[in-house]
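So the chains spell out like this:
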Amino acid sequence: MRGETAVEGEGAMDARTQTGRGHGFGGLGMILGNGWLDFGVIGVAGMLASFALATVWGPAEAQMNKKAGVERGVFGKLDDSTAIEVFTLRNSKGAAAKIITYGGTLTELWVPDRTGKTGDVVLGFDDLKGYLGDHPHFGGVIGRYANRIAKGKFSIDGQEYTLATNNGPNTLHGGTVGFDHRVWKGEPISGAKGAAVRLTYVSPDGEEHFPGTLTARVVYTLTEDNALKIEYTGTTDKPTAVNLTNHSYFNLSGGRDVLGYTVTLNASRYTPVDSTLIPTGELAEVKGTAYDFTKPMTIGSRIAELAKVKELGGYDINYIVDGESGKLRMAANVVDPASGREMEVWTTEPGVQMYTANWLDGSIHGKRGVAYGRYGAVCLETQHYPDSVNHANFPSAILRPGATYHTETIYKFSAK
């Protein structure tokens, strides 16, 4: 793909926003066979990320002194005067989460460090204008189909559907205008086990060329034990492809890059990809590769083996979560030694995509004016595998009338 149409990374912007770069790889042999990237390059990137994120922490007291529950307000207005609401979820421990109805986006997530000081651990913007502009899906609900569909084509019951190709030759994150750029309807939920908001979006038949009217609902719940629970449900009137996730970029320290974070993944296999980041169909063992996080490893310990392939830039791969798909189980554990924050990721989904913000380059200025740099965050997107609609050996991502799509993911925070 070098010299041809650019193929953006999992967290990168679609063809409407950025077309100047390409990345991908043709297998681990290619990655391990071309030498090592000088760690000095990553060191410079790390220093830039550290400088860029140094001001991300806000006044913790303002978060701690608010009453537990749900607050409802206005985040901004679209050009047609449509009001975009913001729902602030709080627990009695001082944690808080803010969700807006534009894209069902998680804009802020405040959790304590080892000293009890709260900080915002997700990347994003201070105002609606930022989310309306060009950005790599910060915090949004991704749909109708998260991740990639090869060549923008899939078939159901012999009927082929052709989608917009917004990521080189492929469809990424739902097409030209995905769910993270749609306006959802929000309402607080009473009686939930924590502060909760339910968001609803009805995607009409043919939107982005997907078949069927899909009614999607997402419930965010902030619990008393500092966990953000996300439940996704969907129903359709025609067979269709569905794969919903949240695309939050996590930085647990509020500064520095994430290369020193220790990660453990409950995943002994992954799905290798081709040069356009479409799975080959193989379910490969991580053992002996740079993808092995079955034991605690820092993100930066082996990222050079991937970063040397300029089309890839770092981690951007789907892991197969061990255990029974459909059952809630731990997928990942992330520890930031600087702040003491620890994040557990639990899910019912069969896979989780780990992306290390390889293509952030400081050109995007987010909350509090911070410039977001390379490796300045890690994404852990729970999902069905990329391009599942074109691989019979992958868990099915087809939803049929009469059935209900339902998945659950929990991001649980602690500190020590």
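Computed from a predicted structure; not experimentally measured. Throughout, a residue's number is its position along its own chain's written sequence, starting from 1. Predicted model: local features are reported for residues with pLDDT of at least 70 only, side-chain atom pairs are reported and counted for 80 or more only, and whole-chain, interface and lining totals are derived from all residues. Values shown for side chains rest on all heavy atoms present in the structure; no hydrogens or waters enter the calculation.

Moving on: the environment of Val286. Secondary structure follows DSSP: runs of H or I at least 4 residues long count as helices, runs of E at least 2 residues long count as strands, and numbering of each begins at the N terminus. Relative to the helices and strands, Val286 resides in the loop between β19 (284-285) and β20 (297-298). If we skip the residues at most four places from it in the chain, Val286 touches Ala267, Ser268, Arg269, Tyr270, Tyr291, Asp292, Thr294 and Tyr319. By definition in these notes, contact holds between two residues if any of their heavy atoms fall within 4.5 Å.

Ranked by size, the top nonpolar core spans 67 residues in total, and within it Leu109, Tyr220, Tyr315 and Tyr319 carry the most contacts. Per-element tally for this core: the top contributor is strand β13 (residues 214-222), with five residues. In contact with Leu109, not counting residues within four places along its chain, are Ala96, Ala97, Gly119, Asp120, Val121, Val122, Leu228, Phe250 and Phe413. For this analysis, a nonpolar core means a set of buried residues of the types Ala, Val, Leu, Ile, Met, Phe, Trp, Tyr and Cys, connected via side-chain atoms within 4.5 Å. In this scheme, a residue with accessible area under 20% of its type's maximum is buried, one over 50% is exposed, and one in between is partly exposed, where area comes from a 1.4 Å probe on protein chains only. In terms of nonpolar packing, the next biggest core, distinct from the first, is built from 21 residues, Leu78, Ile100, Phe125 and Trp359 among them.

Before going further, it helps to examine the sheet that holds strand β24 (residues 351-355). One requirement defines pairing of two strands: DSSP has to find at least two bridges between them. Spatially, the five strands line up as an open sheet ordered β19-β18-β21-β24-β25, and their pairing is antiparallel. The sheet is open, and its two borders are formed by β19 and β25 (379-383), each paired with just one other strand. Sheet analysis places strand β18 (residues 269-270) next to β19, joined by two bridges and oriented antiparallel. Bridge pairing in β19 places Tyr270 opposite Ala284.

Turning our attention to unusual backbone geometry. Here Gly143 and Arg144 are connected by a cis peptide whose omega angle stands at 5°. Mapped onto the elements of the fold, Arg144 is located in the loop between β6 (141-142) and β7 (148-149). The backbone of His209 sits at a positive phi, close to 70°, despite the residue not being glycine. With respect to the secondary-structure elements, His209 resides in the loop between β12 (195-203) and β13. If you check the backbone angles, Asp387 has positive phi at about 60° while not being a glycine. Of note, Asp387 is situated in the loop between β25 and β26 (398-399). Given a relative accessible area of 2%, Asp387 falls into the buried group.

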